[in-house]
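# A structural walkthrough
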Amino acid sequence: AQSVTQLDSQVPVFEEAPVELRCNYSSSVSVYLFWYVQYPNQGLQLLLKYLSGSTLVKGINGFEAEFNKSQTSFHLRKPSVHISDTAEYFCAVSGRSSASKIIFGSGTRLSIRP
Amino acid sequence: DTAVSQTPKYLVTQMGNDKSIKCEQNLGHDTMYWYKQDSKKFLKIMFSYNNKELIINETVPNRFSPKSPDKAHLNLHINSLELGDSAVYFCASSQGTAHTQETQYFGPGTRLLVL
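### A look at the overall build of chain A
Helix and strand counts for chain A come out as zero helices and 12 strands. Taking 13 Å as the expected radius of gyration for a compact globule of 114 residues, we find that chain A reaches 14 Å, a close match to that expectation. In terms of overall dimensions, chain A has a C-alpha envelope of 45 × 30 × 20 Å along the principal axes. Among the 114 residues that make up chain A, the fraction classed as buried is 46%. Taking the contacts inside chain A whose residues are at least 6 apart along the sequence as the reference set, 56% of them involve residues at least 24 apart. For chain A, the exposed area adds up to about 5,400 Å²; of that, 49% sits on carbon and sulfur atoms.

### Section: the interface of chain A and chain B
Contact residues are listed per partner, giving 24 residues for chain A and 20 residues for chain B. Taking both sides of the interface into account, the surface hidden between chain A and chain B amounts to around 1,700 Å²; carbon and sulfur atoms contribute 54%. Those elements that place two or more of their residues in the side of chain A that touches chain B are β5 (31-38), β6 (44-50) and β10 (87-95) of chain A. Partitioning the side of chain A that touches chain B into residue classes produces nine nonpolar, 10 polar and five charged.

### Concerning the layout of surface pockets
Its volume calculated, the largest pocket comes out at about 320 Å³. Every residue lining the largest pocket is counted, 16 residues in all, and those nearest its centre are Q42 and G43 of chain A together with F106, G107 and P108 of chain B. Contributions of two or more residues to the lining of the largest pocket are made by β6 of chain A together with β10 (105-106) of chain B. Residues belonging to the lining of the largest pocket are distributed by class as follows: seven nonpolar, seven polar and two charged. Within this model, the second largest pocket holds a volume of roughly 260 Å³. In terms of lining, the second largest pocket is formed by 16 residues, of which the most central are Q38, N41 and R109 of chain A together with Q37 and K41 of chain B. Looking at the lining of the second largest pocket, the elements with two or more residues in it are β10 of chain A together with β9 (87-94) of chain B. For the lining of the second largest pocket, the per-class residue count stands at five nonpolar, six polar and five charged.

### What about the nonpolar core?
The biggest cluster of nonpolar side chains holds 28 residues, and the ones touching the most others in it are W35, L48, F74, L76 and Y89 of chain A. Looking at this core, the elements that each hand over two or more residues are β2 (10-14), β3 (19-21), β5, β6, β8 (64-68), β9 (73-78), β10 and β12 (108-113) of chain A. Not counting chain neighbours up to four residues away, the residues in contact with L48 of chain A comprise L33, F34, W35, V57, K58, G59, F63, E64, A65, F74 and L76 of chain A. Counting residues in hydrophobic clusters, the runner-up holds 19 residues, among them L74, L81, Y89 and V114 of chain B.

Criteria and cut-off values
Residues numbered from 1 in each chain as written. Chains lettered and ligands numbered in written order. Predicted model: local features only at pLDDT ≥ 70, side-chain atom pairs only at ≥ 80, totals over all residues. Heavy atoms only, no water. Helix = DSSP H or I, 4+ residues; strand = E, 2+ residues; numbered from the N terminus. Rg over C-alpha atoms; globule rule 2.2 N^0.38 Å. Buried < 20%, exposed > 50% of the residue type's maximum accessible area, 1.4 Å probe, protein only. Contact = heavy atoms within 4.5 Å. Areas by Shrake-Rupley, 256 points an atom, 1.4 Å probe, with all protein chains shown as cover. Buried area = accessible area lost by both parts, 1.4 Å probe. Nonpolar A, V, L, I, M, F, W, Y, C, P; charged D, E, K, R; others polar. 1 Å grid on protein atoms, 1.4 Å probe; cavity = no way out; pocket = protein on both sides within 12 Å on 5 of 7 lines; lining within 4 Å. Points joined across faces, edges and corners; volume = space filled by probe spheres on them. Core = buried A, V, L, I, M, F, W, Y, C linked by side-chain atoms within 4.5 Å.

Now the structure itself:
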């Protein structure tokens, strides 16, 4: 079974500052990793995902994440945030077998201050 | 031209009532899901269907019954509603049968409040 931990429930950041949202996972098998974003009163949408290959994954809206197998982490980063990035961010993990299901973290609320 | 749509958006009802939430996707996807998001934003999968066949059935009360009349629709019926059922329910869909790696596309959610 897999689990995922998002260490920060809230991250306040000033506009145009860099941000890192932390995500650690636990699994005894190889995994797929995802970051989803949820804007207020909306459904989730995919930012990026790691399936295989390069450990640095680039996503939409200038976000990127790095898969670190030794540290079992998949932290999300953006070099300069905008007010429009204010949202809830969810890290998710899934095993690679067809019997696996996706497990979401508890979310990190990113609030941008002008 | 909404990709994944849900109706209703808001649902306020009394304890003990029976209600349904409908979901439709026009993406041609094979797999559909129901998720429950509680007041702390914790998101948990409830059910998953692939081509109208149930493939994930999490430990949810049997008061919750999903129905998939065709692969574009996945409805959720809830009997004897309880206070603890208050949450936001999201429908999602993904392409193909390898659902573990596929991107999921979420609907806007149905906010259920049980009084």
